[in-house]
Amino acid sequence: MYEILTQCPLFHGLEAAKIEELLSGKEYSTEEFSQGTLVARRNTAYSGLMIILQGEVCGEVEDKRGKRFLVDRITAPQLIAPAFLFGGYNRLPIDVVADGSVTILTLHRGLLFELMQENVIVMSNFIDIISNRANLLTRKIYFLSFKTVREKMMNYLLEQSRVCKGAVDVSDLNALSEYFDAPRSSILTVLHEMEKHGIIAYDRGKVSILNPKALDRHT
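Notes on the structure in this doc start here. No experiment lies behind these values; they were computed from the predicted model shown. Within every chain, residues take consecutive numbers counted from 1 along the sequence as written. In view of the model being predicted, local features appear only for residues whose pLDDT reaches at least 70, and side-chain atom pairs are presented and counted only at 80 or more, with totals across whole chains, interfaces and linings using the full set of residues. Only hydrogens and water are removed before side-chain values are computed, so all heavy atoms of the structure are retained for them.

What to know about the packing of helix H5 (residues 149-163) against helix H7 (residues 184-196)
So, point 1. Relative orientation of the contacting elements H5 and H7 amounts to 70°, with a least axis distance of 10 Å. The angle between the axes of H5 and H7 places the two elements in the roughly perpendicular class. The two elements H5 and H7 meet at a crossing, and its hand is right-handed. Residue-level contacts link Val149, Arg150, Met153, Met154 and Leu157 of H5 to Ser186, Ile187, Val190, Leu191, Glu193 and Met194 of H7.
So, point 2. Each residue is assigned to one class: nonpolar for Ala, Val, Leu, Ile, Met, Phe, Trp, Tyr, Cys and Pro, charged for Asp, Glu, Lys and Arg, and polar for all the others, Gly among them. Looking at side-chain class alone, the contact of H5 with H7 contains 8 nonpolar, 1 polar and 2 charged residues. To define axes, lines are fitted to C-alpha atoms, for helices over the stretch in contact only, and angles between the resulting N-to-C directions are given on a 0 to 180 degree scale. Every helix listed is a DSSP run of H or I at least four residues long, and every strand listed is a run of E at least two residues long, numbered separately from the N terminus. Every angle not falling under 35 degrees, over 145, or within 65 to 115 is termed oblique; those three ranges are roughly parallel, roughly antiparallel and roughly perpendicular. Whether a crossing is left-handed or right-handed is set by the direction in which the near helix is turned from the far one by less than a right angle, anticlockwise for left-handed and clockwise for right-handed. We call two residues contacting when some pair of their heavy atoms lies within 4.5 Å.

Observations regarding the pattern of salt bridges
So, point 1. The term salt bridge refers to a pairing of a side-chain nitrogen on Lys or Arg with a carboxyl oxygen on Asp or Glu at a separation within 4 Å. The final tally for this structure, using the stated rule, is 8 salt bridges.
So, point 2. A salt bridge links lysine 26 to glutamate 114; the shortest N-O distance between them is 3.9 Å. Note that lysine 26 is positioned in the loop between helix H2 (16-23) and strand S1 (29-33) and glutamate 114 in helix H3 (residues 109-118), a separation of 88 residues in sequence.
So, point 3. For aspartate 169, the salt bridge is made with lysine 206, and the minimal N-O distance between the two is 3.8 Å. Of this pair, aspartate 169 sits in strand S9 (residues 168-169) while lysine 206 is found in strand S11 (residues 206-209), placing the two residues 37 residues apart along the sequence.
So, point 4. Overall, the relative accessible area of 41% leaves aspartate 169 in the partly exposed class.
So, point 5. In this scheme, a residue with accessible area under 20% of its type's maximum is buried, one over 50% is exposed, and one in between is partly exposed, where area comes from a 1.4 Å probe on protein chains only. Overall, lysine 206 belongs to the partly exposed group, its relative accessible area being 39%.
So, point 6. Within the structure, one salt-bridge network assembled from shared partners comprises Lys26, Glu114 and Glu118.

Notes on the packing of H5 against helix H6 (residues 173-180)
So, point 1. Contact geometry for H5 and H6: axes closest at 11 Å, N-to-C directions at 115°. Between H5 and H6, the angle falls in the class roughly perpendicular. In the packing of H5 onto H6, the handedness of the crossing is right-handed. Residues Val149, Lys152, Met153 and Tyr156 of H5 form the contact with H6, whose participating residues are Leu176, Tyr179 and Phe180.
So, point 2. Its residues placed into classes, the contact of H5 with H6 shows 6 nonpolar, no polar and 1 charged.

Brief notes about the environment of threonine 189
So, point 1. Turning to its location among the elements, threonine 189 is positioned in helix H7.
So, point 2. With 102 residues separating them in the primary sequence, threonine 189 and glycine 87 have C-alpha atoms 44 Å apart.

A short note on the pairing of strand S3 (residues 48-54)
Where a strand is regular, its side chains alternate between the two sheet faces.
So, point 1. Among the 7 residues that make up S3, 6 are buried, leaving the element largely enclosed by the rest of the structure.
So, point 2. Two strands pair under a simple rule: DSSP has to find at least two bridges between them. In this structure, S3 lies alongside strand S8 (residues 102-108), joined through 6 bridges in antiparallel fashion. The partner of isoleucine 51 across the bridge, within S8, is leucine 105.
So, point 3. Examined bridge by bridge, S3 and strand S6 (residues 79-80) share 2 bridges and lie antiparallel to one another. By the bridge assignment, methionine 50 is partnered in S6 with isoleucine 80.

Some words on the sheet that holds S9
So, point 1. Strand order in this open sheet of 3 strands is S9-S11-S10, and the pairing throughout is antiparallel. Edge positions in the sheet fall to S9 and strand S10 (200-203), since each has one partner strand and no second.
So, point 2. Where S9 lies against S11, 2 bridges are found, and the strand directions are antiparallel. When the bridges of S11 are listed, valine 168 appears paired with valine 207.
So, point 3. Contacts from H7 reach S10 and S11, with the element oriented near 130° to S10.

Here it is as C-alpha cells:
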C-alpha cells in the first residue's frame, strides 16, 4: 500500500517508509468494491478522504428523467472529491461507482488534519490539489457554455493540443460521446466537416491540427 501511495498526489515527494511512519498507529480504513458497486452516494456527508489504491471509479449524476451522465473517471492512486471534504457543505456532488474491482483507502478528516500538521509536504500537496481542482472546475464550466458539438469539439482539440505533443487521440468515441453528451455519429460528422474545411486532418482516431487559428476563432 505504501509503495502505491508514493504515486498519490497527497503524498507526492515522500518515500514509502516515510508514509508508513506517518500512518503508523493511525486509524484509517480500506474497503474493496466489485464492478458496478456504489462506492459513495451523491449528497451524503463526506467525512473521510477517499483514495483509490486499485482500479477505477466513475463519477456520475442523474437527471430528472433518470438518465445517468458520466462526469469524471478517476483512477488509482487519485483522490475522490478532495475539495468537498471541508467547508460548510461537505457533501459529495456525484455518485461514485466502481468500474471493475476497486480498493479504497479512507483517511478520516481528523486524521488528514493531523497528517498536515505533522508534515509540511502533505499540507502543501493538499493545497496544490485543491487549487488544481478549482482550475479544472473553472475550465469545465467554460466548456459547458458551448452549445453545439462542433463548438465542444473545437474547444476540446484546442485544449488537448496545448498539453500533448503531436496528434490528439480521439479514438475512444464512446468516452467522447459521454463527455460531450452527444451521439458518436454527431462527433464523427463534426470531425469530417472540420477535415473538409482544412482545419484538421483525421485518420484512424488521430487528429492533427492544421489550422489552430481557426479553432481559436470559434471557441
